[in-house]
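Residue-level structural notes
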Amino acid sequence: STNNVYAESNSNTITANLPGSVAIRLLNAEGTAEISSLDFNNLTPTPQGTTASKSFIVDVATSNPTGYKLYMQSDYQDSNHNYTTNLTHTDTDVTDSIPTSTTSGSKVYWNYVNPLTNSGSSNPTPSLIPPYGTPDKIAQYFSPTNSHQSTIDINVGIDTTIVSGTYENELLFSAVGNPTT
């Protein structure tokens, strides 16, 4: 007896016609120049702890008729290729890192102020740096715009318990057009 095997394949082309486009630029705190990094140079640790804050602007333009949502997450892999929200020392032999933390009294930390959840607040609440795969929504806009700006504040705290040197992480910003009906 002969067994016959029949196979059939079919391919369909799916086309999505998206209305509009979205573009993101990172600007200095004054909004006058594009930036690719935010440096906390010359931050001197003390036993009591040293803190610093820096701001930058995320500028989004979209022609989408219903606007956009903007998300942020850490996109940094340590020397073992694990995603981390910590600021990691650039010397891979150094195991010290600066964790994301909002714990009161912590001397070694980094965090950020979410402009969406702290809009208009005179006493903003810091947020943990969101891990890769779980972004925070940090802005939204509901119409086309040539420039909608959101200010992000990054806070860093250090003390003398960590090794001196350069620590780094990368933040990923994603703008997604709002759906149209």
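Look a little higher up for the structure.
The structure presented is a predicted model; accordingly, all values stated were derived computationally and were not measured.

**Here we look at the sheet that holds strand 3 (residues 68-74)**
Ordered in space as 10-3-13, the three strands form an open sheet in which the pairing is antiparallel. Because the sheet does not close on itself, it has two edges, and the strands there are strand 10 (136-141) and strand 13 (171-177). Strand-to-strand twist in this sheet, taken as the mean axis angle between neighbours without regard to direction, amounts to 20 degrees. Sheet topology note: the strand 3/strand 10 ladder contains five bridges and is antiparallel. Bridging from a neighbouring strand, Tyr 71 pairs with Lys 137 of strand 10.

**What to know about unusual backbone geometry**
Despite not being glycine, Asn 42 has its phi angle at roughly 60 degrees, a positive value. If you trace the backbone, Asn 42 turns up in the loop between strand 1 (22-28) and strand 2 (50-62). Unusually for a residue other than glycine, His 81 sits at a positive phi of about 65 degrees. Along the chain, the position of His 81 falls in the loop between strand 4 (76-77) and strand 5 (83-84). Residue His 81 is classed as exposed on the basis of its relative accessible area, which comes to 62%.

**What to know about the pairing of strand 11 (residues 145-158)**
Two strands pair when backbone bridges link them, and strand 2 and strand 11 are joined in this way by twelve bridges, in the antiparallel orientation. Bridge pairing in strand 11 places Thr 50 opposite Ile 158. Judged from the five bridges that link them, strand 8 (residues 109-113) and strand 11 form a sheet pairing that is antiparallel. Paired with Asn 111 across the two strands is Asn 155, which belongs to strand 11.

**Digging into the environment of Gly 67**
The residue Gly 67 is located in the loop between strand 2 and strand 3 in this model. A relative accessible area of 0% places Gly 67 in the buried class. Sequence-wise, Gly 67 and Val 176 are 109 residues apart; in three dimensions their C-alpha atoms are separated by 8.6 Å. Among residues more than four places away in sequence, those in contact with Gly 67 are Thr 62, Tyr 141, Phe 142, Ser 143, Pro 144, Val 176, Gly 177 and Asn 178.

Rules and cut-offs
- Residues numbered from 1 in each chain as written.
- Predicted model: local features only at pLDDT ≥ 70, side-chain atom pairs only at ≥ 80, totals over all residues.
- Heavy atoms only, no water.
- Pairing = 2+ DSSP bridges.
- Helix = DSSP H or I, 4+ residues; strand = E, 2+ residues; numbered from the N terminus.
- Axes fitted to C-alpha atoms, helices over the stretch in contact; angles between N-to-C directions.
- Buried < 20%, exposed > 50% of the residue type's maximum accessible area, 1.4 Å probe, protein only.
- Contact = heavy atoms within 4.5 Å.

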